[in-house]
Amino acid sequence: MTLTLQSAAALLGEHDLLREIITPDRWTDFASTVSDSDVPFAHITYDSKQIKPRTLMCCKGNFKAEYLTDADGHGMAAYVAEHDYSGVTRAPGLIVNDATKALSLLAQAFYDYPERELRLIGVTGTKGKTTTSYFTHAIINAMSGNKCALFSSVDNCVDGVHYVESDLTTPESLDAARMMREAVDSGMRYLVMEVSSQAYKVNRVYGLTFDAAAFLNISPDHISPIEHPSFEDYLHCKRQIVRNTRALVLGVPGAYAGLVAEDAMIANVPVTTFSIDEPTADVTARPIDDEHTAFMFTQGQPIGELSLALEGDFNYANACAALALAQLVGIDIHDPRALQSMADVRIAGRMEETTDPRSDTVAIVDYAHNYASVNALLDFVTRKYGARRPRITLLTGSAGDKAIDRRKEIIEAAQDRVQRIVLTTEDTNTEDPMAIAEQMLGHVTNPDVDASIIIDRAAAVEDVVAEAREHDGFDVLLLIGKGDERWIKMHNKHVPYEGDSSIIRRLFG
Ligand SMILES: CC(=O)N[C@H]1[C@@H](OP(=O)(O)OP(=O)(O)OC[C@H]2O[C@@H](n3ccc(=O)[nH]c3=O)[C@H](O)[C@@H]2O)O[C@H](CO)[C@@H](O)[C@@H]1O[C@H](C)C(=O)N[C@@H](C)C(=O)N[C@H](CCC(=O)O)C(=O)O
Ligand SMILES: Nc1ncnc2c1ncn2[C@@H]1O[C@H](COP(=O)(O)OP(=O)(O)OP(=O)(O)O)[C@@H](O)[C@H]1O
């Protein structure tokens, strides 16, 4: 399909989004009466700085009229917006009820519906989206000759070769449609994508139907003025994936899993359950040794044994979800290559464990940054190292401007299970890092925990390593929340940072 003003108006009309078309001379319902309405658009964008001749400009979010001041000079052919901008442009405006929904639909049309040429897999949940996406990607690639694209919060890959660091967990709808077209043109036949609650909140996946989607788990997170006003809103947004998929993979037992199963029943969507705790689930994994270094996977009958490079019981749960997803898009998960494809998957900054050659110390760099993940990480440490009675140090901060509850929850998850807490800078953005650290310190109520603040994150990592080296005994250092990221978000900018993983590599040699 070639997108023109006429076809755009028709599409928006079909979805009951079009209010009217505004030109400087008159307002109309009939797109065909607008000049050049049958001439295809050459470009589509949501950023006025990208306008070129014959661009369809989609104005959404905190858009300001002044952004369009030079738009006519740059060749804007038309705009889509919730407001009338005829005061600053002579281009026709498609005025809509909801600009983000319009953007998603128009982007899919502009790029000729690439999602219809891909088997689409979506992964949502509070924790495990990235890991499950990587596992699913690995299985499908192994079984399809590398024909699987990936959109994740770590990076995106549209051609099976190049991985590009991503900005968002779920890309803006227009970027997603463009990357899906690139993926199809590069020969990809599958796409695995993480779907955040924000993606549904701001319509980044509006109009997309997944062939298979996973609802992994849910726990309170992402509640803040710029994300979700309440847990109810967060869960409601995540639940939208159920009615936008042809088949659902559901983690059980789990908070609200019953509600999500009801959603699926109402939407007539078949459910495949997975679990490492509930033996009656469809896909399960059970440890085969006391150390939990390998698990047996089953789906009615045994699938096989697997030892993951990514340790932690929760990663075996993520692997169950990945198997179920892959099967739903036609992969034979009983072929041993499917299971083994996950064995060596590593994700930068997740469960990276390094032993200090100079002392009895293990450092784990991980991306845990809320109650559920800190708890899961500490379960792992207890299981693996508990018998050695380690002195556990948690180095953490918490993000600024968003997910405010994490500041308390991280401390609550950790304070009765660690001996030392060092509070430091995370992506504090427009907030003062010291203020966040002090808030977190204020939540420490266990008098036995030695808690303090070292604001400079690199210095904090160096300090906890030095402390462990001086300590006479076994130490486990948990450096969480930044993974392998080489920047810290401050005042809306990415400020270069050496990275927790690379500081550990430098110190441990
Ligand atoms: C709340 C939210 O979803 N915000 C996203 C949204 O911003 P927005 O539409 O309000 O954009 P804006 O930056 O205010 O600007 C308004 C519009 O003016 C345009 N503009 C701006 C300047 C100019 O000169 N000309 C111009 O046209 C911009 O391109 C934009 O389209 O659209 C932008 C891209 O189009 C996103 O970058 C931005 O994400 C912000 C940065 C963000 O951090 N979002 C977080 C909360 C988020 O989405 N997180 C989730 C993960 C969390 C989870 O796991 O649930 C995620 O999926 O990443
Ligand atoms: N199934 C799970 N249950 C609990 N914790 C998990 C699970 N999977 C991963 N984790 C923990 O959460 C951290 C982040 O994992 P991952 O990146 O896969 O999740 P995510 O949902 O993509 O997270 P985010 O939305 O914060 O980017 C891991 O480093 C680990 O500590």
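Bear in mind that the values here come from a model prediction, so they are computed numbers and not experimental data.

Trainee: Please give an account of the overall build of the chain that cites residues and values.
Mentor: Helix and strand content of the chain: 15 helices and 25 strands. A compact globule built from 509 residues would reach a C-alpha radius of gyration of about 23 Å, and the chain, at 25 Å, matches this within 12%. In terms of its C-alpha atoms, the chain occupies a principal-axis envelope of roughly 80 × 55 × 40 Å. Split into buried and exposed, the 509 residues of the chain put 58% on the buried side. Counting only carbon and sulfur atoms, one obtains 48% of the accessible surface of the chain, whose full area is about 21000 Å². Across the chain, the 47 positively charged side chains and the 74 negatively charged ones have centroids separated by 2 Å.

Trainee: Explain the UniProt feature "binding site: ATP" (unreviewed entry) in the chain to me, and be specific about the residues and the numbers.
Mentor: Within this numbering scheme, the UniProt entry marks Gly 125, Thr 126, Lys 127, Gly 128, Lys 129, Thr 130 and Thr 131 as carrying the feature "binding site: ATP" (unreviewed entry). With respect to the secondary-structure elements, Gly 128 resides in the loop between strand E7 (119–124) and helix H4 (129–144). Those residues within four positions of Gly 128 in sequence are excluded, and the remaining contacts are Leu 216 and Asn 318.

Trainee: Lay out the site of ligand 1 with the relevant residues and their values.
Mentor: Around ligand 1 there are 21 residues in total, and Ser 48, Lys 60, Thr 169, Ser 196 and Arg 204 lie nearest to it. Between Ser 196 and ligand 1, the recorded distance is 2.7 Å, taken from a side-chain N or O atom to an oxygen atom. Note that an oxygen atom of ligand 1 is positioned 2.8 Å from one of the side-chain N or O atoms of Arg 204. For ligand 1, whose unbound accessible area comes to 1100 Å², protein coverage reaches 74%. Each of domain 1 (5–110) and domain 2 (114–340) gives at least three residues to the shell around ligand 1.

Trainee: Before we move on, can you summarise the pattern of salt bridges with the specific residues and values?
Mentor: All chains considered together, the criterion is met by 31 salt bridges. The residue Arg 178 makes a salt bridge to Glu 182 at a minimum N-O spacing of 3.7 Å. Taken together, the residues Arg 178 and Glu 182, both in helix H5 (residues 173–185) and four residues apart, mark about one turn of the helix. We classify Glu 182 as partly exposed; its relative accessible area is 36%. Taking the shortest distance from any N to any O, the salt bridge between Arg 407 and Glu 431 comes out at 2.7 Å. Here Arg 407 is found in helix H12 (residues 406–414), whereas its partner Glu 431 is found in the loop between strand E21 (420–423) and helix H13 (433–442), with 24 residues between them in sequence. Residues joined by salt bridges that share partners form a network here, namely Arg 391, Arg 420, Asp 450, Glu 467 and Asp 475.

Trainee: An account of the UniProt feature "modified residue: N6-carboxylysine" (unreviewed entry) in the chain is needed here, citing residue identities and associated values.
Mentor: The positions UniProt marks with the feature "modified residue: N6-carboxylysine" (unreviewed entry) are Lys 238. In this fold, Lys 238 is placed in helix H7 (residues 231–239). Apart from the residues lying within four places of it in its own chain, the contact partners of Lys 238 are Thr 124, Gly 125, Thr 126, Lys 129, Val 195, Ser 196, Ser 197, Phe 215 and Ile 218.

Trainee: Could you give an account of unusual backbone geometry, naming the residues involved and the relevant values?
Mentor: A cis amide bond links Val 252 with the next residue in sequence, Pro 253, at an omega value of -15°. One can find Pro 253 in the loop between strand E13 (248–251) and helix H8 (257–266). Located in the positive-phi region is Tyr 256, a residue other than glycine, with phi close to 70°. Summarising the element assignment, Tyr 256 is placed in the loop between E13 and H8.

Trainee: Please give an account of the sheet that holds strand E15 (residues 283–287) that cites residues and values.
Mentor: Spatially, 11 strands are ordered E10-E9-E8-E11-E7-E12-E13-E14-E15-E16-E17 in an open sheet, and the strand pairing comes out mixed. Of all strands in the sheet, those bounded by a partner on one side alone are strand E10 (164–165) and strand E17 (301–306). Of the pairings in the sheet, the one linking strand E12 (residues 212–215) to E13 comprises three bridges and is parallel in character. Counterpart to Phe 215 in the pairing with E13 is Leu 250. Together, E7, strand E8 (148–151), strand E9 (155–157) and strand E11 (190–194) form the strand contacts of H5, whose direction differs from that of E8 by roughly 160°.

Trainee: Requested: an account of the sheet that holds strand E1 (residues 18–22), with residues and values cited.
Mentor: Note: strands within a sheet are paired through backbone hydrogen bonds, in either parallel or antiparallel orientation. Strand order in the open sheet made by the six strands is E2-E1-E6-E5-E4-E3, with mixed pairing throughout. Edge positions in the sheet fall to strand E2 (27–28) and strand E3 (43–45), since each has one partner strand and no second. Bridge count between E1 and strand E6 (residues 93–96): four bridges; the pairing is antiparallel. Note on E6: the bridge partner recorded for Ile 22 is Gly 93. Contacts from helix H1 (residues 5–14) reach E1, strand E5 (76–81) and E6, with the element oriented near 5° to E6. Each of E3, strand E4 (55–58), E5 and E6 is contacted by helix H3 (residues 99–110), which is oriented at about 155° to E3, the strand it contacts most.

Trainee: An account of the packing of aromatic side chains is requested, with residue identities and associated values reported.
Mentor: Summed over the entire model, instances satisfying the criterion amount to nine aromatic pairs. Ring centres of Phe 295 and Tyr 316 lie 3.9 Å apart, and the angle between their planes is 15°; this geometry places the pair in the stacked category. Of the two residues, Phe 295 sits in strand E16 (residues 295–299) while Tyr 316 sits in helix H9 (residues 313–328), which places them 21 residues apart along the sequence. Residues Phe 295 and Tyr 316 agree in their burial class; the two are buried. A cation over an aromatic ring shows up here: Arg 116 above the ring of Tyr 113, its NZ or CZ 3.8 Å from the ring centre. Looking at Arg 388, its charged tip hangs above the ring of Phe 474, at a distance of 3.7 Å from the centre.

Trainee: Just give me the short version of the site of ligand 2, but keep the residues and values in it.
Mentor: Of all residues adjacent to ligand 2, which total 18 residues, the nearest are Lys 127, Thr 130, Thr 131, Asp 366 and His 369. In the environment of ligand 2, an oxygen atom lies 2.8 Å from a nitrogen or oxygen atom belonging to the side chain of Lys 129. Here an oxygen atom of ligand 2 sits 2.3 Å away from a polar atom, N or O, in the side chain of Asp 366. Alone, ligand 2 offers 620 Å² of accessible surface; in the complex the protein occludes 93% of this. Secondary structure elements with two or more residues in the shell around ligand 2: H4, H9 and helix H11 (371–385). The dominant element in the shell around ligand 2, judged by the number of residues it contributes, is H4, at three residues.

Trainee: Now, about H12: what can you tell me, with residues and values included?
Mentor: The buried fraction of H12 amounts to seven of the nine residues, a majority that puts the element mostly inside the structure. In this fold, the buried residues of H12 make contact with H11, strand E20 (391–396), E21 and H13.

Rules used in this analysis
Residues numbered from 1 in each chain as written. Chains lettered and ligands numbered in written order. Predicted model: local features only at pLDDT ≥ 70, side-chain atom pairs only at ≥ 80, totals over all residues. Heavy atoms only, no water. Helix = DSSP H or I, 4+ residues; strand = E, 2+ residues; numbered from the N terminus. Rg over C-alpha atoms; globule rule 2.2 N^0.38 Å. Buried < 20%, exposed > 50% of the residue type's maximum accessible area, 1.4 Å probe, protein only. Areas by Shrake-Rupley, 256 points an atom, 1.4 Å probe, with all protein chains shown as cover. Lys, Arg positive; Asp, Glu negative; His and termini not counted. Charge placed at Lys NZ, Arg CZ, Asp CG, Glu CD. UniProt positions renumbered as here; feature names shortened; annotations may be inferred. Contact = heavy atoms within 4.5 Å. Near = heavy atom within 4 Å. Polar contact = N/O pair within 3.5 Å; in protein donor to acceptor, adjacent residues only side chain to side chain. Domains from an automatic or database assignment. Salt bridge = Lys/Arg side-chain N within 4 Å of Asp/Glu carboxyl O. Pairing = 2+ DSSP bridges. Axes fitted to C-alpha atoms, helices over the stretch in contact; angles between N-to-C directions. Phe/Tyr/Trp six-rings, centres within 6.5 Å; stacked < 30°, edge-to-face > 60°. Lys NZ or Arg CZ within 6 Å of the ring centre and 35° of its normal.

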